[in-house]
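Each chain is listed here by its residues.
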Amino acid sequence: MGVGGCLVLPWRCLVVLCLRLLFLVPAGVPVRSGDATFPKAMDNVTVRQGESATLRCAVDNRVTRVAWLNRSSILYAGNDKWCLDPRVVLLANTKTQYSIQIQDVDVYDEGPYTCSVQTDNHPKTSRVHLIVQVSPKIIDISPDISINEGGNVSLTCIATGRPDPTITWRHISPKAVGFISEDEYLEITGITREQSGEYECSASNDVSAPVVQRVKVTVNYPPYISDAKSTGVPVGQKGILLCEASAVPSADFQWYKDDKRLAEGQKGLKVENKAFFSRLTFFNVSEQDYGNYTCVASNQLGNTNASMILYGPGAVHDGNNGAWRRSGSAWLLLLPLAHLARQF
């Protein structure tokens, strides 16, 4: 509801009020904004939601009666307040100016306001339009999402404001450049792991600073071993084999020597598994420790493995043994079977 609410008076006063209204604003009198001979009201007034709007009407000594109206409702007539809204106050009623103020303006206050004057028995009016601007606000945005690599992603960001805000999407990434969408909707077809991360929705309309919210997109993919190197260590020294792998969710690691799985706590060995690597440590290398080792990395989406050699000084080995082999090999399938066979 706007500022148009008016006081309810006894019925005996209604006739007088109607006569005064007809006297102030007779039917058929056109709006004459810009009339050089007429004390003119302001041009359009633009304020932000929550601010105060001042409506001024310039008058002179020819004016005998004045009033401010909102559409068909009288706000003030002279010094008399006719509306119930406490936000509307009289600022000035002088020989040169007749002004009111609407405090804590809201969107329902927007619209035409009329300054009506009586001068030399000729009523005239001048109109000003109040424009209320509203800061942008994001009212709906997609939740964080987790999707497998290659899938399709659809993100939504809905915002309100006056004027209507402009919505943009961008990928928060060192490799991302500029905006990737200037729309409420962002569509990504066949998403890759490089496209994972946070996506920022920004809504702006120059009324205030842009508002932003972010959506986290997690792209799941099977393990990929990025580093697995053979190592030469003398007998009696400490040796380390390192296996690095990227995966989402993080990979689980297992170590094998030939067809035997190595367990944590095995004498002389330590297996240390982290999110993106596994470290196999030999505290006191012996001749029996030399040989071929295999690192297996797996998650719900797949697995992969890499072989490497722990060798002594002067040993001849094929550096290609340190290269990794992809998942799905028959050897990898036989490892669990061989482990079970040793138990019977």
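Residues numbered from 1 in each chain as written. Predicted model: local features only at pLDDT ≥ 70, side-chain atom pairs only at ≥ 80, totals over all residues. Heavy atoms only, no water.

(A) Quick peek at the overall build of the chain. Scanning the chain from N- to C-terminus turns up two helices and 24 strands. Classification of the 344 residues of the chain by burial places 38% in the buried group. As presented, the chain carries roughly 18,900 Å² of accessible surface, and 53% of it is formed by carbon and sulfur atoms. (Helix = DSSP H or I, 4+ residues; strand = E, 2+ residues; numbered from the N terminus. Buried < 20%, exposed > 50% of the residue type's maximum accessible area, 1.4 Å probe, protein only. Areas by Shrake-Rupley, 256 points an atom, 1.4 Å probe, with all protein chains shown as cover.)

(B) Here's a closer look at the state of the cysteines. Under the defined criterion, the tally for this structure stands at three disulfides. Between C57 and C115 runs a disulfide, and the two sulfur atoms are separated by 2.1 Å. Measuring the twist about the S-S bond at about -80°, one finds the C57-C115 disulfide to be left-handed. Of this pair, C57 sits in strand 2 (residues 53-58) while C115 sits in strand 8 (residues 111-119), and the two are 58 residues apart along the sequence. C57 sits in the buried class, given a relative accessible area of 0%. (Disulfide = S-S within 2.5 Å.)

(C) Molecular detail of the packing of aromatic side chains. Summed over the entire model, instances satisfying the criterion amount to one aromatic pair. Ring geometry for F282 and Y293: centres 5.3 Å apart, planes at 75°, overall edge-to-face. Placement of the pair is F282 in strand 21 (residues 277-282) and Y293 in strand 22 (residues 291-299), with a sequence separation of eleven residues. An identical accessibility class is assigned to F282 and Y293; each is buried. Stacked on the ring of Y221, the Lys or Arg R193 has its end atom at 3.9 Å from the ring centre. (Phe/Tyr/Trp six-rings, centres within 6.5 Å; stacked < 30°, edge-to-face > 60°. Lys NZ or Arg CZ within 6 Å of the ring centre and 35° of its normal.)

(D) Summary view of the confidence of the model for the chain. Per-residue pLDDT for the chain averages 82, and the proportion of residues at 70 or more is 78%. Across the chain, the secondary-structure element scoring lowest on mean pLDDT is strand 24 (residues 324-325), at 36, and the one scoring highest is strand 10 (residues 145-148), at 97. Scored below 50 in pLDDT, residues 6-36 makes 42 contacts in the model with residues more than four places away or belonging to other chains. Of the regions scoring below 50 in pLDDT, residues 319-344 engages in 40 contacts with residues more than four places distant in sequence or in other chains. (pLDDT = per-residue confidence, 0-100. Contact = heavy atoms within 4.5 Å.)

(E) Broad picture of the sheet that holds strand 7 (residues 97-102). Taken in spatial order, the three strands line up as 2-7-6 in an open sheet, and their pairing is antiparallel. Two strands close off the open sheet at either side, each with one partner strand: strand 2 and strand 6 (88-93). Direction aside, the axes of adjacent strands within the sheet are offset by 15° on average. (Pairing = 2+ DSSP bridges. Axes fitted to C-alpha atoms, helices over the stretch in contact; angles between N-to-C directions.)

(F) Summary view of the pairing of strand 14 (residues 197-204). In the sheet, strand 12 (residues 166-172) pairs with strand 14 via seven bridges, with the strands oriented antiparallel. Each residue of the ladder has a partner; that of I167, found in strand 14, is A203. Where strand 14 hands over to strand 15 (residues 211-228), the hairpin turn is made up of six residues, of which D206 adopts a positive phi near 70°.

(G) Layout of the pattern of salt bridges. Throughout the structure, instances matching the rule amount to nine salt bridges. Notably, a salt bridge pairs R87 with D85, separated by 2.8 Å at the nearest N-O pair. Here R87 matches D85 in class, with each residue buried. Salt bridges linked by common partners bring R170, E198, E200 and R214 together as one network. (Salt bridge = Lys/Arg side-chain N within 4 Å of Asp/Glu carboxyl O.)

(H) Looking closely at unusual backbone geometry. Here R162 and P163 are connected by a cis peptide whose omega angle stands at 0°. Mapped onto the elements, P163 comes out in the loop between strand 11 (153-162) and strand 12. For D206, which is not glycine, the phi torsion reads 70° and is therefore positive. Position of D206 among the secondary structure elements: in the loop between strand 14 and strand 15. Residue classification places D206 among the exposed residues on the basis of a relative accessible area of 75%.

(I) Quick look at the pairing of strand 3 (residues 63-70). Burial within strand 3 is extensive, with six of its eight residues counted as buried. As paired elements, strand 3 and strand 8 share seven bridges and run antiparallel to each other. Paired with N70 across the strands is Y113, a residue of strand 8. Where strand 3 meets strand 4 (residues 73-77), four bridges bridge the pair, whose relative direction is antiparallel. Note on strand 4: the bridge partner recorded for A67 is A77. Hairpin remark: strand 3 followed by strand 4, antiparallel, with two residues in the connecting loop; positive phi at R71, about 55°.

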